[in-house]
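# Fold and geometry: a report
Chain residues, written in single-letter form:
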Amino acid sequence: LRPFGASVAFGKRALLATTCMGVALYTLHIFNRRGTCLFYKEWNRPSPSRGDLTQDHKLMFGFLFSLKQLVSKIAPKKGGFYACNTSAYKLNYFETMSGLRFVLCTELAAGDMREVLKYIYANIFVECLVKNPLWKAEDPITCPLFTQHLQNYLESIS
Amino acid sequence: SPVPGSSAMELLEADSFVLQSFDTVTGLKFFVTAEPESKHLDAVLKDVYMLYSDYVLKNPFYELDMPIHCERFIQKLMKLADDYNKRG
């Protein structure tokens, strides 16, 4: 049985400050429809996660699930949510039709990150993983090509 | 939360609406939903708080923590909303 929410270790690379369009990024999660965290990356996270990362992932997924339900109940028209702010950070969210969820936590000054997340899905995730015959849908992401492209993209638009 | 000292959620943006919240120091929470491109919602919430403290709290018949049925408050609130919608 695979450990739930296996996160990918990057050593020193994870500590490099990554800015995207001059905006500081904190964390990125990718969840599948069942709630498994397929991918997790953090840069420059000012307060490290307390305790277990897997608990963190479960918390994040549960939070998004409840938020989605709330939004669907009070929305006047159809449509999901794409961002939520607190006083300290902004959480950007993108969900694909297949139930894949991308969550990017950035600083408050970040603009609309929907295009960024769409690009990450369409041009990096689909290209490197979906089209990869060795990748199975429920597995955590360990493909170096994916991580390399992701890093390049996020650094290139800063 | 990836950053220390974060408060609760303040703003939620969705495709068809935005939800802004305002917490008072007394523990009261105000929420407003509006169209996606709305501006100055935090000013609106502060105005609502002002109306609340004027027309609800100063109303001798109002009991704390009960549902609000103060007519004046509701009138002023509707006027505030109309003015906001007219201003665009």
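The structure reproduced in this document is the subject of the present report. (Residues numbered from 1 in each chain as written. Chains lettered and ligands numbered in written order. Predicted model: local features only at pLDDT ≥ 70, side-chain atom pairs only at ≥ 80, totals over all residues. Heavy atoms only, no water.)

## Remarks on the overall build of chain A
Test applied: The helix count covers DSSP runs of H or I at least four residues long, the strand count covers runs of E at least two residues long, and both are numbered beginning at the N terminus. Under the scheme applied here, a residue whose accessible area is under 20% of the maximum for its type counts as buried, over 50% as exposed, and between as partly exposed, the area being computed with a 1.4 Å probe on protein chains only. Every residue pair with non-hydrogen atoms within 4.5 Å of one another is taken to be in contact. Here the accessible surface of atoms and residues is derived via Shrake-Rupley with a 1.4 Å probe, and residues count as covered only by protein chains that are part of the display.
A tally of regular secondary structure across chain A gives three helices and six strands. Mapped in sequence order, the helices and strands of chain A form the string β-β-β-α-β-β-β-α-α. Every one of the 158 residues in chain A was classed for burial, and the buried ones make up 49%. Contacts spanning at least 24 positions in sequence make up 58% of the contacts within chain A whose residues lie at least 6 apart. On chain A, roughly 8300 Å² of surface is accessible, and the fraction owed to carbon and sulfur atoms is 58%.

## Side note on the interface of chain B and chain A
To be explicit about the condition: By buried area we mean the combined loss of accessible area, with a 1.4 Å probe, across both parts when two parts are placed together. Any carboxyl oxygen of Asp or Glu that lies within 4 Å of a side-chain nitrogen of Lys or Arg is treated as forming a salt bridge with it.
Taken together, the contact between chain B and chain A spans 18 residues of the former and 28 residues of the latter. Each partner contributes to the roughly 1900 Å² buried at the junction of chain B and chain A, and carbon and sulfur atoms together form 61% of this total. For the pair chain B and chain A, the number of links is two salt bridges. Where Asp-15 of chain B meets Arg-114 of chain A, a salt bridge forms, and the shortest distance between an N and an O atom there is 3.4 Å.

## Overview of the packing of helix α1 (residues 41–56) of chain B against helix α2 (residues 71–87) of chain B
Packed helix pairs are characterised by how far apart their axes lie and by the angle those axes make with each other. Residue and element names in this part refer to chain B. Which entries qualify depends on this criterion: The axes are straight lines fitted to the C-alpha atoms, using for helices just the contacting stretch, and the angles between their N-to-C directions are given from 0 to 180°. With respect to orientation, any angle under 35 degrees is reported as roughly parallel, any angle over 145 as roughly antiparallel, any angle of 65 to 115 as roughly perpendicular, and every other angle as oblique. Less than a right angle of anticlockwise turn of the near helix away from the far helix marks a crossing as left-handed, whereas a clockwise turn marks it as right-handed. Under this grouping Gly is polar, as are all residues other than the nonpolar Ala, Val, Leu, Ile, Met, Phe, Trp, Tyr, Cys and Pro and the charged Asp, Glu, Lys and Arg.
It is the contact of α1 with α2, at a shortest axis distance of 9 Å, that shows an interaxial angle of 160 degrees. On the basis of their axis angle, the class for α1 and α2 is roughly antiparallel. In the crossing of α1 with α2, the sense of the turn from one axis to the other is right-handed. Residues Leu-41, Val-44, Asp-47, Val-48, Leu-51, Tyr-52, Tyr-55 and Val-56 of α1 touch α2, and the partners they reach there are Arg-72, Phe-73, Lys-76, Leu-77, Leu-80 and Tyr-84. The residue inventory of the contact of α1 with α2, partitioned by class, reads 11 nonpolar, no polar and three charged.

## Considering the side chain of Lys-90 of chain A
Quick reminder of the rule: Polar contacts here mean pairs of N or O atoms no more than 3.5 Å apart (in protein, one a potential hydrogen donor and the other a potential acceptor; neighbouring residues in sequence count only if both atoms are side-chain atoms).
Along the chain, the position of Lys-90 of chain A falls in strand β5 (residues 90–95). By relative accessible area, Lys-90 of chain A is classed as buried at 6%. Within the structure, the side chain of Lys-90 of chain A is placed 3.5 Å from the backbone oxygen of Ala-110 of chain A, a separation counted as a polar contact. Only 3.3 Å separates the side chain of Lys-90 of chain A from the backbone oxygen of Gly-111 of chain A, close enough to count as a polar contact. Contact partners of Lys-90 of chain A, with chain neighbours within four places excluded, come to Ala-83, Cys-84, Asn-85, Leu-104, Cys-105, Thr-106, Glu-107, Leu-108, Ala-110 and Gly-111 of chain A together with Glu-13 of chain B.

## Re the packing of helix α2 (residues 114–130) of chain A against helix α3 (residues 144–156) of chain A
Residue and element names in this part refer to chain A. Here α2 crosses α3 at 150 degrees, and the two axes come no closer than 9 Å. Between α2 and α3, the crossing angle belongs to the class labelled roughly antiparallel. The way α2 lies across α3 gives a crossing that is right-handed. Across the interface between the two elements, Val-116, Tyr-119, Ile-120, Ile-124, Phe-125, Cys-128 and Leu-129 from α2 touch Leu-145, Phe-146, His-149, Leu-150, Tyr-153 and Leu-154 from α3. Of the residues that constitute the contact of α2 with α3, the class distribution is 12 nonpolar, one polar and no charged.

## Let's talk about the pairing of strand β1 (residues 11–14) of chain B
Filter applied, for reference: Only strands joined by at least two bridges in the DSSP assignment are considered to pair.
Here β1 of chain B shows two buried faces, one formed by Leu-11 and Glu-13 of chain B and the other by Leu-12 and Ala-14 of chain B. As defined by bridge partners, strand β4 (residues 81–85) of chain A adjoins β1 of chain B across four bridges and the pair is classed as antiparallel. Looking at β1 of chain B, one finds that Phe-81 of chain A is bridged to Ala-14 of chain B. Pairing analysis gives three bridges linking β1 of chain B to strand β2 (residues 18–23) of chain B, with the strands arranged antiparallel. Among the inter-strand pairings, Glu-13 of chain B is bridged to a residue of β2 of chain B, identified as Val-18 of chain B. Linking two consecutive strands that pair antiparallel, namely β1 of chain B and β2 of chain B, is a turn of three residues.

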